[in-house]
Amino acid sequence: MKKMRVAVLISGRGSNMEALIEACRDKEYPAGIVLVISSRPGAKGLEYAKRAGIRTEVVNHTEFESRDAFEEAIHTILKETKVELVCLAGFMRVLNPSFVNRWRDRILNIHPSLLPAFKGLHTHERVLDAGVRFTGCTVHIVRPEMDDGPIIIQAVVPITPKDTPGALAAKVLEFEHKIYPEALSMMAQGRARVSGNLVYVKGKKIKAKGLINPPF
Ligand code: GRF
């Protein structure tokens, strides 16, 4: 089977990258991670990717004089490696519209909230401050606005009175690791297709639904 060639862009821990790498080990899985790029030299995820035998590159944003130059360097490596789809996984740089449009419908991102609510950083603190009863995570197609774009999969996580930002982050992360590989698989197989602002899913039911009703 010809697997879709995928790059993962990280800046830190890389646990979502790990989940994607692990999913790709299955020979039936329709995508393969051929490249990991980190915007930070010390990113923990780089070690894991190297051990998995994946090409790793550091494109350190502090070494470029403009965001355009930084993105051009990333674009060149992606092209060189014949990458077909890009997964952002804890990648802490905002991408210019020119980059996003060059890769239109071919960049995915994961965000730890039920988008379009709670875009941006410190998500779990803001979720708790807002007193919402449910949170979750979203895999979406990247558009030029931050944390914006057609939604591929979401998982819902109920909030309990005991939740702290850290506890919530850990609960949500477990679901992130389920929905990201599922979303990538749907895209690579062509089961999910983007049309305008929406993603249409055909065929098999989504496995990682993650909708849990609260016990009260
Ligand atoms: C995840 O919570 C992801 O949703 C967000 O940043 C975090 C990255 O974690 N965009 P990791 O680097 O994948 O472990």
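Scroll up to find the structure.
Before going into details, it helps to say that this report is about the structure given with it. Owing to the predicted nature of the structure, the values given are computational and were not obtained by experimental measurement.

**Observations regarding the packing of helix α1 (residues 15-24) against helix α6 (residues 165-189)**
Step number 1: For the pair α1 and α6, the least separation of the axes is 9 Å and the interaxial angle reads 45°. With respect to α6, the axis of α1 lies oblique. Two packed elements cross with a definite hand, and for α1 against α6 that hand is right-handed. Two secondary-structure elements touch here, α1 through S15, N16, A19, L20 and A23 and α6 through L173, E176, H177, Y180, P181 and L184.
Step number 2: Residues of the contact of α1 with α6, tallied by class, amount to seven nonpolar, three polar and one charged.

**As for the site of the ligand**
Step number 1: The full set of residues close to the ligand is R13, G14, S15, N16, G90, I110, H111, P112 and E176.
Step number 2: Out of a free accessible area of 360 Å², the ligand has 83% covered by protein chains.
Step number 3: A molecule is said to occupy a pocket when more than half its atoms come within 2 Å of that pocket's grid points, and by this definition the ligand occupies the largest pocket.
Step number 4: Three or more residues apiece are contributed to the shell around the ligand by two domains, here domain 1 (1-103) and domain 2 (109-216).

**Considerations on α1**
Step number 1: With eight of ten residues buried, α1 is to be regarded as a mostly interior element.
Step number 2: Taken together, the buried positions of α1 are occupied by S15, N16, M17, A19, L20, I21, A23 and C24.

**Digging into the environment of H177**
Step number 1: Along the chain, H177 falls in helix α6.
Step number 2: Taking the C-alpha atoms as reference points, H177 and R104, separated by 73 residues in sequence, lie 24 Å from one another.
Step number 3: Within the local environment of H177, its side chain forms a polar contact with the side chain of S15, the two groups lying 2.8 Å apart.

**Structural notes on the pattern of salt bridges**
Step number 1: This model, assessed by the stated rule, comprises eleven salt bridges.
Step number 2: Across the pair E28 and K27 runs a salt bridge, and its minimum N-O distance is 4.0 Å. The two residues E28 and K27 agree in class, both being exposed.
Step number 3: Close ionic contact of R55 with E80 constitutes a salt bridge, the shortest N to O distance being 3.0 Å.

Cut-off values and rules
- Residues numbered from 1 in each chain as written.
- Predicted model: local features only at pLDDT ≥ 70, side-chain atom pairs only at ≥ 80, totals over all residues.
- Heavy atoms only, no water.
- Axes fitted to C-alpha atoms, helices over the stretch in contact; angles between N-to-C directions.
- Helix = DSSP H or I, 4+ residues; strand = E, 2+ residues; numbered from the N terminus.
- Parallel < 35°, antiparallel > 145°, perpendicular 65-115°, else oblique.
- Left-handed = near helix turned anticlockwise from the far one by under 90°.
- Contact = heavy atoms within 4.5 Å.
- Nonpolar A, V, L, I, M, F, W, Y, C, P; charged D, E, K, R; others polar.
- Near = heavy atom within 4 Å.
- Areas by Shrake-Rupley, 256 points an atom, 1.4 Å probe, with all protein chains shown as cover.
- 1 Å grid on protein atoms, 1.4 Å probe; cavity = no way out; pocket = protein on both sides within 12 Å on 5 of 7 lines; lining within 4 Å.
- Sits in = over half its atoms within 2 Å of the grid points.
- Domains from an automatic or database assignment.
- Buried < 20%, exposed > 50% of the residue type's maximum accessible area, 1.4 Å probe, protein only.
- Polar contact = N/O pair within 3.5 Å; in protein donor to acceptor, adjacent residues only side chain to side chain.
- Salt bridge = Lys/Arg side-chain N within 4 Å of Asp/Glu carboxyl O.

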